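Spelled out, the chains give:
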Amino acid sequence: MPRPPSPSIPEKEFVYGALKQSLRLDGRAMLEMRTPTLTFGPELGWVECALGKTRVLAQVDGKMVKPPPERPLEGLLSIHSELSSMASNEFEPGRPSDQEVTITRMLDKVLRRSDALDKESLCVLAGQRVWHIRLTIHVLSDSGNMLDCACLAGIVALRHFRRPEVEVVGDEVTIHHPAERAPVALALHHTPFCLTFAFFPDTGTPLLLDPTHLEETLSAGLLSVALNAQRELCVVQKAGGVPLAPADVLAIMDVAVGKARELDKVVERALQEDWKGRHVEVR
């Protein structure tokens, strides 16, 4: 599949000149995010997140499995991401790009290795039965900053999902249908959010938040920060690019804390509005 042409020289000069004057093509401020839009499906754990024209679908399901012998008291969380040519013609089916590998690893760090999900709460019968929670990420459209959109969709899907109620009598495990007993929410320790900043070769150009596809292409590097609304830092990732001064990194952290609190309010509001229209008992 042919790759899209790179930006032309006049286009690069125009964008660089505008950014140096703190002007962006979509009219946003340098540290302004696109407003996230969360859409919930008919099933619990089905969430579509949109940042501008970037759209990501997250789906959560669960099944009961036997735990690995080295961790008999913990459930499992697996994350699978799929970047197909539907999202952009830059992606080829069956051949993961560097960007896909980076996003998959970052999702694993932010959602699984940060212990956002309480894995011990997924244990049903020690050493015999635990819940295996599977999070699947589908990128529907890439218009820049897929990572932040995928992380937001993933954590909201985990908060929206409900697993069936389980009853244990001796060694016998009974899984109750949601029509018989209200399903149970997953136990989450915290809600991490990922925020990506782009920086440019010219030191006179300020950093910007939530880059578009063109801004990502022209940037000299990206810095991704994952943290929650309680100011707890989970992950910091900078994949190459020009060096950043310590003062710039600290300034980025201050901005990220404020944006994480804003996102936390957006997520809480969206979940509450969705639950008002559902006939499911919340536990």
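Structural notes, computed from the coordinates. (Residues numbered from 1 in each chain as written. Predicted model: local features only at pLDDT ≥ 70, side-chain atom pairs only at ≥ 80, totals over all residues. Heavy atoms only, no water.)

**Points about the overall build of the chain**
Applicable threshold: Counting from the N terminus, the helices are DSSP H or I runs at least four residues long and the strands are E runs at least two residues long. Here the globule rule reads 2.2 Å times residues to the power 0.38, and the radius of gyration is calculated from C-alpha atoms. Throughout this description, buried means an accessible area under 20% of the type-specific maximum (1.4 Å probe, protein chains only), exposed means over 50%, and partly exposed covers the range between. The charge count treats Lys and Arg as positive and Asp and Glu as negative. His and the chain ends do not count. Charged groups are reduced to one reference atom each: NZ for lysine, CZ for arginine, CG for aspartic acid, CD for glutamic acid.
If you tally the helices and strands in the chain, you get 5 helices and 14 strands. Taken over the C-alpha trace, the chain has a radius of gyration of 21 Å; the compact-globule value for 283 residues is 19 Å, and the two agree within 12%. Across its three principal axes, the chain shows a C-alpha extent of roughly 70 × 40 × 40 Å. When the 283 residues of the chain are sorted by exposure, 48% land in the buried category. Counting 32 positive and 38 negative side-chain charges, the chain places the centres of these two groups 1 Å from one another.

**Here's the deal with the nonpolar core**
Put simply, the test is: Buried Ala, Val, Leu, Ile, Met, Phe, Trp, Tyr and Cys residues that are joined via side-chain atoms within 4.5 Å together make up what is termed a nonpolar core. Every residue pair with non-hydrogen atoms within 4.5 Å of one another is taken to be in contact.
In terms of nonpolar packing, the biggest core is built from 62 residues, with L38, L107, I133, L135, V156 and L195 touching the most fellow members. Of the residues forming this core, the biggest block, 11 residues, is contributed by helix 3 (residues 146-160). Excluding residues that lie within four positions of it along the chain, L135 makes contacts with A58, Q59, V60, S78, I79, H80, L111, G154 and A157.

**Here we look at unusual backbone geometry**
Located in the positive-phi region is D115, a residue other than glycine, with phi close to 60 degrees. As for its placement among the helices and strands, D115 is situated in the loop between helix 2 (98-113) and strand 5 (123-125). One non-glycine residue, R231, lies in positive phi territory at about 70 degrees. Locating R231 in the fold gives a position in the loop between strand 13 (221-227) and strand 14 (233-238).

**Quick notes on the pattern of salt bridges**
Worth spelling out the cut-off: Salt bridge criterion: a side-chain nitrogen from Lys or Arg within 4 Å of a carboxyl oxygen from Asp or Glu.
In the structure shown here, the tally under the stated rule is 11 salt bridges. With its nearest N and O atoms 3.5 Å apart, the salt bridge here joins E167 to R181. Highlighted residues: E167 in strand 8 (residues 166-169) and R181 in the loop between strand 9 (172-175) and strand 10 (184-185), separated in sequence by 14 residues. The exposure class of E167 is partly exposed, given its relative accessible area of 32%.

**Let's talk about the pairing of strand 14**
What counts is decided by this rule: A pair of strands is labelled paired if DSSP reports no fewer than 2 bridges between them.
Taken together, the 5 bridges between strand 13 and strand 14 define a ladder with antiparallel strand orientation. Residue pairing across strands places V225 opposite V236, the latter belonging to strand 14. Between strand 13 and strand 14, which pair antiparallel one after the other, the connecting turn spans 5 residues, and R231 there sits at a positive phi close to 70 degrees.

**Observations regarding the side chain of T196**
Take T196: it is sitting in strand 11 (residues 193-199). According to the relative accessible area criterion, T196 is buried, its value standing at 2%. Leaving out residues up to four positions away in the same chain, T196 has contacts with N145, L147, D148, L208, L209, D210, P211, L222, L223 and S224.

**Details of the pairing of strand 13**
Of all 7 residues making up strand 13, 6 are buried, and the element is well covered by its neighbours. Bridging between strand 11 and strand 13 involves 7 bridges; their strand directions are antiparallel. Residue pairing in the sheet places A198 in a bridge with L222 of strand 13.

**A few points about the packing of helix 2 against helix 3**
The test is simple: Helix axes are fitted to C-alpha atoms over the stretch in contact, other axes to C-alpha atoms as well, and angles between N-to-C directions run from 0 to 180 degrees. Every angle not falling under 35 degrees, over 145, or within 65 to 115 is termed oblique; those three ranges are roughly parallel, roughly antiparallel and roughly perpendicular. Take the far helix as the reference: if the near one is turned anticlockwise from it by less than a right angle, the crossing is left-handed, and if turned clockwise, right-handed. Gly falls in the polar group here, along with every residue not listed as nonpolar (Ala, Val, Leu, Ile, Met, Phe, Trp, Tyr, Cys, Pro) or charged (Asp, Glu, Lys, Arg).
The contact between helix 2 and helix 3 brings their axes to 10 Å, and the two run at 40 degrees. The orientation of helix 2 with respect to helix 3, classified from their angle, is oblique. When you trace helix 2 past helix 3, the crossing you get is right-handed. Contacts between helix 2 and helix 3 pair Q99, I103, M106, L107, V110 and L111 from the former with M146, L147, A150, C151, G154 and I155 from the latter. Of the residues in the contact of helix 2 with helix 3, the class split is 10 nonpolar, 2 polar and no charged.

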